[in-house]
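# Remarks on the overall topology
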Amino acid sequence: MSSIEDAVAAPVSPPASSSPPLSDGAEYHRLAFLRPRPRWWKPLLTGVLGFVLYLAILLLVIVPVVVLAAVIPEWGAELPLLLRTTAYFQLDRPWLLVALVLPLILMIPALLLASRIVQGRGVGLLSSVTGRLRMGWLWRTLALAFAVFVVYFAVVLGWSAAAGDQVTPDFSHPGIPLMVILLLALIPFQAAAEEYVFRGYLMQLVGRWLRHPAFAILLPVPLFVLGHGYDVWGAASVGLFAVVAAWLTWRTGGLEAAIALHIVNNLMIFLMGSVGVVDANATSGTPVDLLGSALAMLVFAVVADRWARRRGIARTATVADVAAGTHVLPRRLHG
């Protein structure tokens, strides 16, 4: 992901004309104004082209798989399961996890390529106001998210055990090592892909027309919720996650904190599902689940926001910053 972004995130020429949000520094959701020759229709065209490129890339992956399924009887017998099951996390069939997350990961190259073709240089502005993914800040927020969610799940599992539920982990399944490897290799990219689309592209699409950040934060939420097949309590939790992730993206000037929250949330659920502590295929929830997850996400958001302020993490950019390929803050403050 970083190599694609580095290749297209070169310094850009200032736009032909400035606008009020550029004079004081553009916040994350307004960064489309800092791309070369910004036009109102370019973000829309980026989405259309990105969808076409995504289908083309997906086809390049699917066709060989279908051919192999026709040649290898074992594959042919398993493949129809994709159309029938809703339980994509199975230790006996790790390929179902790959089939679930790989199509999501492929959104990254499709979006970055479409953005480069339509909007020109500065694709890195999808990552942050500094034109890149600030890896130091990403690692710090990953550590923070891990600490918060370890406490959260410890409380949840402790409460369940006290209520008489069975929460003893089972490490006996021979498929656990392979599943853990797949999770560690794929989930970070799956989480990043969803953030680039729902918090990156969609926030900047809305921000190109509507200046107030509330629109960019809230309007993409229904699309994110619809992409997850949960009941009302699960959907509420997903919707709250989308709001928190978008708010953090706006407040910290980039996707890093949202990506970290997404990675840790997904990884911990799947890893605990690997040892039978939770049901990783669950699509339903309860009001208590919603309350607990909401508290964990809000704690992470508040601490991450304050941490970003103390570290001086950049949250705006100007035409001059982007044209020079630098930012007014020292590099050490970027993450």
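The model shown is predicted, which means the values in this text are computed figures rather than measured ones. (Residues numbered from 1 in each chain as written. Predicted model: local features only at pLDDT ≥ 70, side-chain atom pairs only at ≥ 80, totals over all residues. Heavy atoms only, no water.)

### A closer look at the overall build of the chain
What counts, and what does not: Segments assigned H or I by DSSP are reported as helices when at least four residues long, segments assigned E as strands when at least two residues long, and all are numbered from the N terminus. Each residue gets one of three labels from its accessible area relative to the maximum for its type: buried under 20%, exposed over 50%, partly exposed in between, using a 1.4 Å probe on protein chains only. Two residues qualify as a contact provided that any one of their heavy atoms is within 4.5 Å of a heavy atom in the partner residue.
A tally of helices and strands in the chain yields 15 helices and two strands. Here the chain holds 335 residues, and the buried ones make up 48% of them. By sequence separation, contacts in the chain at least 24 residues apart represent 79% of the contacts at least 6 residues apart.

### Focus on the side chain of Gln190
By secondary structure assignment, the location of Gln190 is in helix α9 (residues 176–207). Ignoring sequence-local partners within four residues, the contact set of Gln190 consists of Val101, Leu104, Ile105, His262 and Asn266.

### Here's the deal with the environment of Leu82
Relative to the elements of secondary structure, Leu82 occurs in helix α5 (residues 81–84). In this structure Leu82 comes out as partly exposed when scored by relative accessible area, which is 26%. When sequence neighbours within four positions are dropped, the list of residues in contact with Leu82 reads Tyr88, Trp95, Leu96 and Ala99.

### Some thoughts on the packing of helix α6 (residues 95–105) against α9
For clarity, the cut-off: Here the axes come from fitting lines to C-alpha atoms, over the contacting stretch only for helices, and the angles between their N-to-C directions go from 0 to 180 degrees. Convention used here: angles under 35 degrees read as roughly parallel, angles over 145 as roughly antiparallel, angles from 65 to 115 as roughly perpendicular, and any remaining angle as oblique. Handedness of a crossing is defined here by the sense of rotation of the near helix relative to the far one, left-handed for an anticlockwise turn of less than a right angle and right-handed for a clockwise turn. In this classification, Asp, Glu, Lys and Arg are treated as charged, Ala, Val, Leu, Ile, Met, Phe, Trp, Tyr, Cys and Pro as nonpolar, and every other residue, Gly included, as polar.
Packing of α6 against α9 brings their axes to within 8 Å, and their N-to-C directions diverge by 30°. On the basis of the axis angle, α6 is roughly parallel to α9. Where α6 crosses over α9, the handedness of that crossing is left-handed. For the pair α6 and α9, contact is made by Leu97, Val98, Val101, Leu104 and Ile105 and by Met179, Leu182, Leu183, Leu186, Ile187, Phe189, Gln190, Ala193 and Glu194, respectively. The class makeup of the residues in the contact of α6 with α9 is 12 nonpolar, one polar and one charged.

### Notes on the environment of Glu78
Structurally, Glu78 is set in helix α4 (residues 73–78). Exposure remark for Glu78: the relative accessible area of 27% places this residue in the partly exposed category. Residues Glu78 and Trp95, 17 residues apart in the sequence, show an inter-C-alpha distance of 9.9 Å.

### A closer look at the pattern of salt bridges
Applied cut-off: Salt bridges are defined as contacts in which a side-chain nitrogen from Lys or Arg sits within 4 Å of a carboxyl oxygen from Asp or Glu.
Applying the stated rule across the entire model yields six salt bridges. Each of the salt bridges in this network shares a partner with another, and the network as a whole consists of Arg251, Asp305 and Arg309.

### Overview of the packing of aromatic side chains
Keep this limit in mind: Put simply, two rings from Phe, Tyr or Trp (the six-membered ring, in Trp's case) pair if the centres are within 6.5 Å, and we call them stacked under 30 degrees between planes, edge-to-face over 60, tilted for the rest.
Evaluation of the coordinates by the stated rule reveals seven aromatic pairs. Here Phe149 and Tyr152 contribute two aromatic rings whose centre-to-centre distance is 5.9 Å and whose plane-to-plane angle is 85°, an arrangement assigned as edge-to-face. Of this pair, Phe149 and Tyr152 both sit in helix α8 (residues 135–162), three residues apart, roughly one helical turn. Each member of the pair, Phe149 as well as Tyr152, carries the same accessibility label: buried. Consider the rings of Phe198 and Phe224, whose centres lie 5.1 Å apart with planes at 75°: the pair is edge-to-face. One end of the pair, Phe198, is in helix α9; the other, Phe224, is in helix α11 (residues 221–226), with 26 residues separating them in the sequence.

### Considerations on the side chain of Arg199
Which entries qualify depends on this criterion: Polar contacts, as used here, are pairs of N or O atoms within 3.5 Å; protein pairs need one atom able to donate a hydrogen and one able to accept it. Residues neighboring in sequence count only if both atoms are side-chain atoms.
Here Arg199 is to be found in helix α9. Relative accessible area serves as the criterion here: at 2%, Arg199 is assigned to the buried category. A polar contact is formed between the side chain of Arg199 and the side chain of Glu195, at a distance of 2.7 Å. In contact with Arg199, not counting residues within four places along its chain, are Tyr28, Glu194, Phe224, Phe241, Ala242, Ala245, Ala246, Thr249, Leu255 and His262.

### Some thoughts on the nonpolar core
For clarity, the threshold we go by: Joining through side-chain atoms within 4.5 Å is the link that ties buried Ala, Val, Leu, Ile, Met, Phe, Trp, Tyr and Cys residues into a set, and such a set is a nonpolar core.
In terms of nonpolar packing, the biggest core is built from 86 residues, with Leu31, Phe149, Leu183, Ile259 and Phe300 touching the most fellow members. In terms of residues, this core owes the most to one element, α9, which gives 17 residues. When near neighbours in sequence (up to four residues on either side) are disregarded, Phe149 contacts Leu261, Val264, Asn265, Met268, Ala296 and Met297.

### Brief notes about a nonpolar patch on the surface
Which entries qualify depends on this criterion: Patch membership needs two things, relative accessible area over 30% and no salt bridge, and members are linked within 9 Å if like-charged or within 5 Å if nonpolar (Val, Leu, Ile, Met, Phe, Trp, Tyr). To measure how exposed things are, a 1.4 Å probe is used in the Shrake-Rupley method; for residues, cover is taken only from the protein chains shown.
A surface patch of nonpolar side chains, about 960 Å² in accessible area, is lined by Trp40, Trp41, Leu44, Leu45, Val48, Val52, Trp209, Leu210, Phe215 and Leu219. Per-element tally for the nonpolar patch: the top contributor is helix α3 (residues 42–71), with four residues. Within the secondary structure, Leu219 is located in the loop between α10 (213–218) and α11.

### Some details on the confidence of the model for the chain
Short version of the rule: Summary of the metric used: pLDDT quantifies the predictor's per-residue confidence within the range 0 to 100.
Averaged over all residues, the pLDDT of the chain is 88; the fraction at 70 or higher stands at 88%. Low pLDDT, under 50, characterises residues 1–21; the stretch is placed with 52 contacts to residues that sit more than four places away or in other chains. When the criterion is pLDDT under 50, residues 326–335 qualifies, and its contacts beyond four places in sequence or with other chains add up to 28 contacts.

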